[in-house]
Every structure is written in C-alpha cells, then in structure tokens.
Amino acid sequence: MNLEVNKQRLTSEIEELALISDAEAPAVTRIVFTPTDLRARAWFLERCKKAGLATRQDAIGNIFARWKGQDANAAAVGTGSHIDAIPNAGKYDGVVGVLGGLEAIRVLQQSGFNPKRSIELILFTSEEPTRFGIGCLGSRLLSGSLSADAVKKLTDKDSASIEQARRTAGFQGELETVKLSAGHYQAFVELHIEQGPLLEQKNISLGIVSKIAAPSSFRIFIDGAGGHAGGVLMPDRHDALCAASELILAIEQQAKTSGSTDTVATVGICEVFPGAVNSIPSRVHLSLDIRDTDLQRRDSLIAAAEASSQAIAANRGVTIRQELVNADAPGDCAANIVETLSESCKKHRLSFLPMVSRAYHDSLFMSRIAPVGMLFIPCRNGYSHRPDEYASPEDIARGTLVLAETLRSLAS
Ligand code: GLV
Ligand code: MN
Ligand code: MN
C-alpha cells in the first residue's frame, strides 16, 4: 500500500490556519481560550469531521479526533501537538504536528489501510505558557502530572481564573475527568519542527528524539525602595531594577559555566514598577526559565540562582523572592518507538539523526503515561518563536510520510 502525502493540501492548510491569528501576517499570535484560539479550534474540528474522525473535547479543551480501529477496545495509538502560539510567533511550531498528524491519517485512509488499533489525533490545550504561566497545561492534566486542584488556582495577568476562562470558552465538565490512565495509549508519536539548527546544518532529513530536556520555570519578585530620580543620592538607593540586572547577569554566567552547552537559562519577562522615567524602580517581576538534559545539573543551577538572589538581596538591601512554577524531570522516548521511527525512515530512504529535544513538548508529559517518540523536521536557521520561523513543504511532507508509516506500524 503506497503512502502519498498531499503536500499541496497540507501546505495550504498550514497557511490557512496561520491567518487565524491576533498578529499581522507573517507573525502568528494565538493565545489559549481567546476568540482567535476558538476560531482556530472550530476550523480544525471541521477538517477532522471531513476526514470522518469521531471527535470529543475534554474539560480543559484538549481535542481528540479518533479513527476507529478494528479492535475498538485495544489501546489507541496517539499523535498530535498544539496550535496555540506565543505572541509574535511563526506558523509551524506545534501546527505541523497537528495538521501533519491529520494528513498522516488521511494518507493512511487513502492507501486503504485498515488499522487494528484506533489512531487518535490530539490537539493539546495551551502547550505555551503565555496566558496561565505554565506550559503543556492540557498534557499535564491529561497525564496526571498536574492535579485538577493546582490547575484551578491558575489565573492570567488580568486575574481571570482558568475555571472562568475555560467555561466561558465552552469547556464544561470537571477538570478531574481529564486525566487518562496509563495504558490508555499503546504509543504516542509527535511530529514537530526541530527549533534548532542541527538538521539543516548537517543536511539530514529528519531527527529522531531520544530524550526531552528537563524544564523548570520560576517567578522572581524583587522589592526595593522607590523615590525621586533626582532627589535620592546613589549611596542611598535600593533600586529593584539594578538588583534584577545583577541577578540576570549572574544567572547567565552560571549557565555559561555549567560545564555543558545543554544548560540554558532565560529571563524572558521583566516588569518594572512604577515604570516612570524619573522614578527609581521599587519593584520588579522577572520570569526565569532553566533547562538541561541532565536533571542534577539543572537543579544545581536552580540552587546557584537562589544563592545569588540571597547574596544580591543582602548586598543591595532589597528582598528577592523566588516562586517555583514548575520543575519537571526529563522524559525518555521509548526504545521500540525510536526503532519504529528509524525503520520508517529507512523504508523511505530518508536520512535521520538521533537527537535530544531541548524544547519541551506535550510528549514530555505523555511519556508519563505512554511510550512516546518524537520526530523532528528541519527549520530554517533553527529559528522558532519568531515570525520568520520556516519549514519547507518538502520537509514537512517527508516528516508526515514517516509519521504515517510509523502510525501504520504501531496500529497494525
Ligand atoms: C515550548 O514552546 C518550549 O518553550 O520549549
Ligand atoms: Mn513553542
Ligand atoms: Mn511546540
């Protein structure tokens, strides 16, 4: 049975979805539970229905689109990703895993394949942490990595609670019902852009992931003393932004000297109060994101950042409070799925590179309840989370072909 990806159909769907955005093209902004996110979900559901898939949505808004297998009771094979996009993002992050997954199912349907196990396409809610401060909300809840009670406490920057936001968006039911048991999926495979430059640099078609790095994230609150920018002399200041700057640079230095290039640390948010030209900053809020492929090394960096906070606070007469958002362990891809992905690449004579994922993905949380695998496609210059993110139709089609082949093996 020949598998033929309809490159034209897939490319035009990616382009169409990119237009459902709160940013001007080519940028994409699609924040969870906004009217734009809801329009994109409705558009996606239409396409799933057209492909004859049975759809359901859970209480957090994860969408499941199932192609029923001959053995309806057998554990399903899952695939999918996310379509939410951070502010000023590109078209491909997450989207190629969702629309590529849909195309893989259509390719298999058209080939005459009759799956033994059901194949289920999942659109995960809020992989991006933009609105509620924590990434992979849907997959965390689904896999039991975050409790319903913890989710209920989440609010956005306007203090809207997630309970209110999801119910207004039309997702009713209790969050306790979202969790799925281990064994619900026989396997889960996610197609994603690499978000790094290696495949392009090495001119290799696809990446097969063995391990997903350990992410962690914090909110840091610095309280100093404000005052008149002219009136308060330098020796008398407790400037919260100067303390924040020193801390940011200390953390950068610690990440650079961890002994491995796998250690990365980023301060992506810096909110300054009161934010006036002639007023000394009295309060600062920072976000801190620390990741590593090695859990111990990641945790040593967290400890070092905390030690720097305390030293800088004492030195400058400010207070610094570090609040944990998440500190997750790394995830391993399952050997049998890595093997199936490799065999699928070989079958179609496509080169592949074993790699680690430095970005986190819904697969990290799916790995807590199912054997998972991830397939990466190259993206230009490794760019991601920016409007010029780009993956070629040919590369996307190659990834989709290997995904389809892999789903066929796993669902047979
Ligand atoms: C996901 O978008 C990540 O930040 O790794
Ligand atoms: Mn992303
Ligand atoms: Mn992503």
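Here's what I pulled together on the structure shown here. (Residues numbered from 1 in each chain as written. Chains lettered and ligands numbered in written order. Predicted model: local features only at pLDDT ≥ 70, side-chain atom pairs only at ≥ 80, totals over all residues. Heavy atoms only, no water.)

A closer look at the overall build of the protein chain
Here comes step 1: Each helix and strand in the protein chain was counted, giving 12 helices and 18 strands.
Here comes step 2: In terms of C-alpha radius of gyration, the protein chain reaches 23 Å, essentially the compact-globule figure of 22 Å for 412 residues.
Here comes step 3: Projected onto its principal axes, the C-alpha coordinates of the protein chain cover approximately 80 × 45 × 40 Å.
Here comes step 4: Total accessible area on the protein chain stands at roughly 17,000 Å², and carbon and sulfur atoms take up 51% of it.
Here comes step 5: Distance between charge centres in the protein chain, computed from 43 positive and 48 negative side chains, equals 4 Å. (Helix = DSSP H or I, 4+ residues; strand = E, 2+ residues; numbered from the N terminus. Rg over C-alpha atoms; globule rule 2.2 N^0.38 Å. Areas by Shrake-Rupley, 256 points an atom, 1.4 Å probe, with all protein chains shown as cover. Lys, Arg positive; Asp, Glu negative; His and termini not counted. Charge placed at Lys NZ, Arg CZ, Asp CG, Glu CD.)

Thoughts on the coordination of the manganese ion (ligand 2)
Here comes step 1: Protein coordination at the manganese ion (ligand 2): the donors are D93 (OD), E128 (OE) and H385 (NE2), at 2.0 to 2.1 Å from the metal.
Here comes step 2: The distance between the manganese ion (ligand 2) and the manganese ion (ligand 3) is 3.7 Å, with D93 acting as a donor to both metals. Of this pair, E128 sits in the loop between β6 (119-124) and α4 (137-142) while H385 is found in the loop between β18 (372-377) and α12 (393-411), placing the two residues 257 residues apart along the sequence.
Here comes step 3: In this structure H385 comes out as partly exposed when scored by relative accessible area, which is 36%. (Donors = N, O, S within 2.8 Å, 3.2 Å for Na, K, Ca; no water. Buried < 20%, exposed > 50% of the residue type's maximum accessible area, 1.4 Å probe, protein only.)

Some points on the coordination of the manganese ion (ligand 3)
Here comes step 1: Taken together, the protein donors to the manganese ion (ligand 3) comprise H82 (NE2), D93 (OD) and H192 (NE2), at separations of 2.0 to 2.3 Å.
Here comes step 2: Written as a sequence motif, the donor residues of the manganese ion (ligand 3) are H-x10-D-x98-H.
Here comes step 3: A relative accessible area of 0% places H82 in the buried class.

Describing the site of ligand 1
Here comes step 1: Neighbouring ligand 1 are E127, E128, R291, A359, Y360 and H385.
Here comes step 2: The separation between an oxygen atom of ligand 1 and a polar side-chain atom of H385 is 3.4 Å.
Here comes step 3: Surface burial for ligand 1 is 91%, taken as the share of its 200 Å² of free accessible area covered by protein chains.
Here comes step 4: The residue inventory of the shell around ligand 1, partitioned by class, reads 2 nonpolar, 1 polar and 3 charged. (Near = heavy atom within 4 Å. Polar contact = N/O pair within 3.5 Å; in protein donor to acceptor, adjacent residues only side chain to side chain. Nonpolar A, V, L, I, M, F, W, Y, C, P; charged D, E, K, R; others polar.)

Quick word on helix α2 (residues 35-50)
Here comes step 1: For α2, with 16 residues, the first-to-last C-alpha span of 23 Å sits near the 22 Å given by 1.5 Å per residue.
Here comes step 2: Buried within α2 we find T36, D37, A40, R41, W43, F44, L45, R47 and C48.
Here comes step 3: Of the surrounding elements, those touching the buried residues of α2 are α1 (7-18), β1 (28-30), β2 (54-57), β3 (63-67), α3 (95-111) and β6. (Expected span 1.5 Å × (residues − 1). Contact = heavy atoms within 4.5 Å.)

A look at the packing of aromatic side chains
Here comes step 1: Summed over all chains, the structure comprises 4 aromatic pairs.
Here comes step 2: Centroid distance W67 to F113: 6.2 Å. Interplanar angle 75°. Geometry classified as edge-to-face. Of this pair, W67 sits in strand β3 while F113 sits in the loop between α3 and β6, placing them 46 residues apart in sequence. By the burial criterion, W67 is buried, and F113 matches it. (Phe/Tyr/Trp six-rings, centres within 6.5 Å; stacked < 30°, edge-to-face > 60°.)

A look at the pattern of salt bridges
It is possible for side chains of opposite charge to pair when their charged atoms get near one another.
Here comes step 1: Tallied over the entire structure, the rule returns 31 salt bridges.
Here comes step 2: As a salt-bridge pair, E246 and R316 come within 2.6 Å of each other at their nearest N and O atoms. Here E246 is found in helix α8 (residues 240-256), whereas its partner R316 is found in helix α9 (residues 295-316), with 70 residues between them in sequence.
Here comes step 3: Accessibility expressed as a relative area gives 30% for R316, which makes it partly exposed.
Here comes step 4: Residue K256 is joined to E252 by a salt bridge in which the shortest nitrogen-to-oxygen separation is 3.9 Å. (Salt bridge = Lys/Arg side-chain N within 4 Å of Asp/Glu carboxyl O.)

Notes on α8
Here comes step 1: With 17 residues, α8 extends 24 Å between its outermost C-alpha atoms, agreeing within 8% with the 24 Å of an ideal straight helix rising 1.5 Å per residue.
Here comes step 2: The complete set of buried residues in α8 reads A240, A243, A244, L247, I251 and A255. Projected down its long axis, α8 carries its buried residues within an arc of 105°, all on one side. Those residues of α8 that are exposed and angled more than 90 degrees off the buried face are L249 and K256. (Arc of directions from axis to C-beta.)

Brief notes about the packing of α3 against α12
Here comes step 1: Close contact between α3 and α12 brings their axes to 8 Å; oriented N to C, the two are set at 60°. The angle between α3 and α12 places the two elements in the oblique class. The two elements α3 and α12 meet at a crossing, and its hand is right-handed. Listed contacts from α12 to V96, G100, G101, E103, A104, V107 and L108 of α3 are I396, T400, L403, A404, L407 and R408. (Axes fitted to C-alpha atoms, helices over the stretch in contact; angles between N-to-C directions. Parallel < 35°, antiparallel > 145°, perpendicular 65-115°, else oblique. Left-handed = near helix turned anticlockwise from the far one by under 90°.)

Some thoughts on the side chain of S342
Here comes step 1: Of note, S342 is situated in helix α10 (residues 335-347).
Here comes step 2: Owing to a relative accessible area of 8%, S342 belongs among the buried residues under this scheme.
Here comes step 3: Not counting the four nearest positions on each side in its chain, S342 is found in contact with I208 and F352.

As for unusual backbone geometry
Here comes step 1: Between A25 and P26 the backbone carries a cis peptide bond, its omega angle lying at 10°.
Here comes step 2: Looking at the element boundaries, P26 is found in the loop between α1 and β1.
Here comes step 3: Even without being glycine, H385 reaches a positive phi, approximately 55°.

Some words on the side chain of S308
Here comes step 1: Residue placement: S308 occurs in helix α9.
Here comes step 2: Looking at S308, its side chain comes within polar contact range of the side chain of Q254, at 2.7 Å.

Describing the pairing of strand β8 (residues 206-212)
Regular strands show a simple pattern: their side chains alternate between the two faces of the sheet.
Here comes step 1: Among the 7 residues that make up β8, 5 are buried, leaving the element largely enclosed by the rest of the structure.
Here comes step 2: Both β8 and strand β17 (residues 352-357) contribute to a ladder of 6 bridges, which runs parallel. Counterpart to G207 in the pairing with β17 is L353.
Here comes step 3: Note: β8 against β18, 2 bridges, orientation antiparallel. Each residue of the ladder has a partner; that of G207, found in β18, is F376.
Here comes step 4: Where β8 lies against strand β16 (residues 331-332), 2 bridges are found, and the strand directions are antiparallel. Pairing of K211 across the sheet is with D332, part of β16. (Pairing = 2+ DSSP bridges.)

Take it as geometry only, folks, not as evidence of what the structure does.
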